[in-house]
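What follows is each chain in one-letter form.
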Amino acid sequence: MKLTFDQNLFTQTGLDSGALNMLGALTHSLSEPGHYRGSVYRGSENIAAFYIVADKNSPVAQANIDLSTLDPAIIGAPSRGFDQGAGCCGDSDSSTMTQFTVNPKGYVVFHVSAGAGGYAVMVRRAEEDPNTRVFDSRELSEGDVFSAAIIRPGTYSVENVLTNAKGQVIVAYPRRGETAYRPPAPVVFHCSANEIEPERADLQPGQGIIFHFKVRSRIKIELLSADDGPGTPLGPTTRGWKKATLSRTNG
Amino acid sequence: MAHITIAASAKAFRVLFNLAEAGFTFKKNDKGNFGPFSASYNVKLHLSGGTIQLNDDNTLEIQNVDIVFDTLDFQLCLNLPGFCIGGFCIVPDPWNGCLVSFPGFCIGGPVCADLDLSGLVAQITDMKANLLAKYIVDPARPAGVTDVEAEIQNHPNKWKVFINPTYVNVIIDFPETLDNILANAIQNAINDLFPSWLPGWAKDLIWAFLGPIVDLIKGIIGIVGSIANWLENLLNNVFGLVPLIETAIADYFASQNSIYEFNDPYPILGPSGILIPVMIPIRNLGATVNSKEMIVRADVGA
């Protein structure tokens, strides 16, 4: 028996909206009905592709696309070297590619449920010029949302690398209270040409952060200094138990 | 009037009881799945001590016999719901709902805690009984042999006197400290599941998310009240451990281990040289008690 732990969850401390890992998610609304083709990249390598059908008759308001389930390295499938120029919907690849459906007024949420991550996503209309991108996670734009949950306590720098605007977040060390801890409501950041607002935020571990954009953006969050807490574990310090001296009650 | 009358004083009867009591052992294990949790136990016990009172109404009363748990292992397995980080709303809808939420990630899984409860105190608080004489034909006695041959072959028929319980009451004391004992066991079991690479801050975060262990256990299992009461109900009523022990004790004294026995026919003179043993047949054997002694009466039959 074992608890479900993914080591990457606890060893990755940085986030990059252009290299998504387990701690972050990207939200995009396709707006227009049609067929879309998405490509997944790790670094510059195109590792997977998928289709999205934006169907105005679809009741799906949120399509979660787990990029790790498309990664051949994780699912054990051979990498096929997906070409950004490959066709759609009838071409030789399409029958084996994963397809998602969403209402065009709904949202596609790209996230990573396992593994080291580092994924970028590009989406274009399937039937148009392959170079006409409608979404590029390395260059987010107005309407896109980057959200994340930072769990490692410490001080982080926040930077929009496309505008050089900077900010800071401080994640507090967890405290064991009289009730089970649940993170407070997420903090919302707005990224404009010159700034990230608020410039600084104090967070609790696992508390969500949500970035909205008015300009083209790519958010990088890096750990500046770790907070390793008081040094005394919050968990049990006494192992096992000794037979207690039990009192006898008359029943 | 009976041909034979034998008496044993109350003190001698106590010795006979203690000899019978020392032969009792009880072993049992069981397991069950109860939805949000599963549980199993393994018990081995014996009896020790106690007081005996002989009564003039032909009954005897045994009290305060310690039930000593040589083993009482209990295992509780829970499917930890764990906790999910994320799940917060990314895009709210105009009606205070949520259009899009962060998928997040969850930590949880099955965890089992082993409890050594052999320190629990249990007793036969009260056992009421009378004496019962039974005629037992030795099942190993070869067919067609004479009583003399059976005696020589050590397979004689016997009259046996048993303590015949009419009421047995067993109590296992589940102290309130079991709440902490179980909480510690679960806590240690979770801690043991933490992989070695897990950093200290991550452990602290997980403990913070899990919250107080007693509350966690109660929440998962749905315990209202104390864990001690829940465990008592589980073992006593759901697994039926106390009735099983009571039945085993009653069955043991009533039919498995007699406090005294007589061969039938009863040898008066053993074999000597070419002479066969001299034996008298015992008939109508009965055993009673009064406040002073046990009395066995029998007739010499044909």
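Counting from 1, residues in each chain are numbered in the order their sequence is written. The naming scheme follows written order: chains are lettered A onward, ligands numbered 1 onward. Side-chain atom pairs in this predicted model are given and counted only at pLDDT of 80 or more, local residue features only at pLDDT of at least 70, and totals for whole chains, interfaces and linings cover all residues.

Another point: the pairing of strand β17 (residues 219-226) of chain A. Residues and elements named next belong to chain A. Think of it this way: DSSP has to see at least two bridges between two strands before they count as a pair. Put simply, DSSP marks the helices as runs of H or I at least four residues long and the strands as runs of E at least two long, and each gets a number from the N terminus on. Pairing geometry for strand β1 (residues 15-16) and β17, over two bridges, is antiparallel. Bridge pairing links Leu15 to Ile221 in β17. Both strand β11 (residues 154-160) and β17 contribute to a ladder of seven bridges, which runs antiparallel. Looking across to β17, one finds that Thr155 is bridged to Ser225.

All names here are of chain A. An automatic or database domain assignment supplies the residue ranges for each domain. Domain parsing of chain A yields domain 1 (1-138) and domain 2 (139-228). By the convention adopted here, residues make contact when the C-beta atoms placed from their backbones lie within 7 Å. At the junction of the two partners, domain 1 supplies 16 residues and domain 2 supplies 17 residues. Secondary-structure elements contributing two or more residues to the side of domain 1 that touches domain 2 are β1 and β2 (24-28). Of the residues forming the side of domain 1 that touches domain 2, the biggest block, five residues, is contributed by β2. Among the residues forming the side of domain 1 that touches domain 2, the class breakdown is four nonpolar, nine polar and three charged. Note on residue categories: nonpolar means Ala, Val, Leu, Ile, Met, Phe, Trp, Tyr, Cys or Pro, charged means Asp, Glu, Lys or Arg, and polar means any other residue, Gly included.

The next thing to look at is the pairing of strand β10 (residues 157-173) of chain B. Residues and elements named next belong to chain B. Judged from the 15 bridges that link them, strand β9 (residues 121-136) and β10 form a sheet pairing that is antiparallel. Bridged to Gln123 within β10 is Ile171. Looking at chain direction, β10 and strand β11 (residues 260-264) are connected through five bridges and run antiparallel. In the sheet register, Asn157 faces β11, and the bridge partner there is Asp264.

Let's shift gears to the nonpolar core. Note on terminology: a nonpolar core is any set of buried Ala, Val, Leu, Ile, Met, Phe, Trp, Tyr and Cys residues joined through C-beta atoms within 7 Å. Every C-beta atom is placed from the backbone, and the number of other C-beta atoms within 10 Å of a residue's own sets its class: buried at 20 or more, exposed at 12 or fewer, partly exposed in between. Counting residues in hydrophobic clusters, the biggest one holds 135 residues, and the most contacted among them are A:Leu67, A:Val108, A:Phe110, A:Ile150, A:Phe211, B:Leu182 and B:Ile186. At 10 residues, strand β5 (residues 60-85) of chain B tops the list of elements feeding residues into this core. Residue assignment places this core across two domains, with domain 1 (1-138) and domain 2 (139-228) of chain A each supplying three or more. Filtering out sequence-adjacent residues up to four positions away, A:Leu67 remains in contact with A:Leu20, A:Val40, A:Phe110, A:Val112, A:Tyr119 and A:Val121.

Before going further, it helps to examine unusual backbone geometry. A:Glu197 connects to A:Pro198 through a cis peptide bond whose omega is 0°. Tracing the backbone shows A:Pro198 in the loop between β14 (196-197) and β15 (200-203). Residue B:Pro265 is bonded to the preceding B:Asp264 through a cis peptide linkage, with omega at -5°. Looking at the element boundaries, B:Pro265 is found in the loop between β11 and β12 (266-269). Phi angles above zero are rare outside glycine, and A:Ser31 is one such case at about 70°. Topologically, A:Ser31 is positioned in the loop between β2 and β3 (34-42). Using a count of 12 C-beta atoms within 10 Å as the deciding quantity, one classes A:Ser31 as exposed. Located in the positive-phi region is A:Asn164, a residue other than glycine, with phi close to 65°.

Residues and elements named next belong to chain B. Lines fitted to the C-alpha atoms define the axes, with helices restricted to the stretch that makes contact. Angles between their N-to-C directions range from 0 to 180 degrees. Interaxial distance between helix α3 (residues 178-193) and helix α5 (residues 213-221) falls to 9 Å at its minimum, and their mutual angle equals 90°. In this view, α3 runs roughly perpendicular relative to α5, as classed from their interaxial angle. Along the contact surface, α3 presents Asp179, Leu182, Ala183, Ile186 and Gln187, while α5 presents Ile213, Val214 and Ile217. For this classification, under 35 degrees means roughly parallel, over 145 means roughly antiparallel, 65 to 115 means roughly perpendicular, and everything else is oblique.

With that out of the way, let us pick up the environment of A:Gln207. All names here are of chain A. Here Gln207 shows up in the loop between β15 and β16 (208-213). Remark: the alpha-carbon pair of Gln207 and Thr101, spanning 106 residues in sequence, is separated by 30 Å. Residue contacts for Gln207: discarding those within four places in its chain leaves Ala149, Pro183, Pro184, Pro186 and Val187.

As a further point, take the sheet that holds β1(A). Residues and elements named next belong to chain A. Pairing is mixed across the open sheet formed by five strands, whose spatial order is β1-β17-β11-β12-β15. Each edge of the open sheet is held by one strand with a lone partner, namely β1 and β15. As paired strands, β11 and strand β12 (residues 165-171) are joined by seven bridges and run antiparallel to one another. Residue pairing for β12: Gly154 is matched across the bridge by Val171.

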